[in-house]
Amino acid sequence: LDATSQPASTTTPNRATLRLEDIGPAPTFAAPTSRPSSTTLSDAAQRQLRVARDRLAEKALSDAEATLRRLLESEPDLLDAHLLAAQVDAQLGDNTRASMHLNRAIAIDPHSVSAHRLLGELELADGRTASAIAQFRAALASPQSQMDSPETVLTQLSLGIALNRE
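What counts and what doesn't
- Residues numbered from 1 in each chain as written.
- Predicted model: local features only at pLDDT ≥ 70, side-chain atom pairs only at ≥ 80, totals over all residues.
- Heavy atoms only, no water.
- Helix = DSSP H or I, 4+ residues; strand = E, 2+ residues; numbered from the N terminus.
- Buried < 20%, exposed > 50% of the residue type's maximum accessible area, 1.4 Å probe, protein only.
- Contact = heavy atoms within 4.5 Å.
- Areas by Shrake-Rupley, 256 points an atom, 1.4 Å probe, with all protein chains shown as cover.

> Lay out the overall build of the chain in plain terms, naming residues and giving numbers.
Counting its secondary structure elements, the chain contains 7 helices and 0 strands. Element order for the chain, N to C, with α for helix and β for strand: α-α-α-α-α-α-α. Out of the 166 residues belonging to the chain, those deemed buried represent 37%. Restricting the contact set of the chain to residue pairs at least 6 apart, pairs at least 24 apart contribute 56%. Carbon and sulfur atoms make up 53% of the accessible area of the chain, which totals about 9800 Å².

What follows is the structure, encoded as structure tokens:
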């Protein structure tokens, strides 16, 4: 800007409905711990996970849900299964169950960028902007967050949308 130009119009702070003090700081994380990966799963569990992903991609949501239910009965701490189940439930319109799966995923791996981002998306869709912002910030603060990963870019965009709503 030079001395004669004016800055672009800005939104006044009094338009915001969320007080800054209501937005908690991003959490700090301990060093990542190892978690079971899909490579340590039995062949049957890997096959079920693959089938569930395929059914989700095909929009065969009932089949995906049934496959994931069976998989989670045998592998209740499988992060990827909870993430997929949350996506299926959200597409079926059951945000409560989707949130349950995402909270379980976060309990399994508190550093999961995907779990925090997806939970933030659900919170934002349900009008809980402060909670959504907290989840997006947790995802970005995670030691698993990599600046050039698509998941991180999506999280940054979602955080921008949430902040813009305020």
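Still more to cover.
> Can you tell me about the side chain of D89, naming the residues and giving the values?
Along the chain, the position of D89 falls in helix α3 (residues 79-91). Judged by its relative accessible area of 2%, D89 falls in the buried class. In contact with D89, not counting residues within four places along its chain, are E65, D94, R97, A98 and H101.

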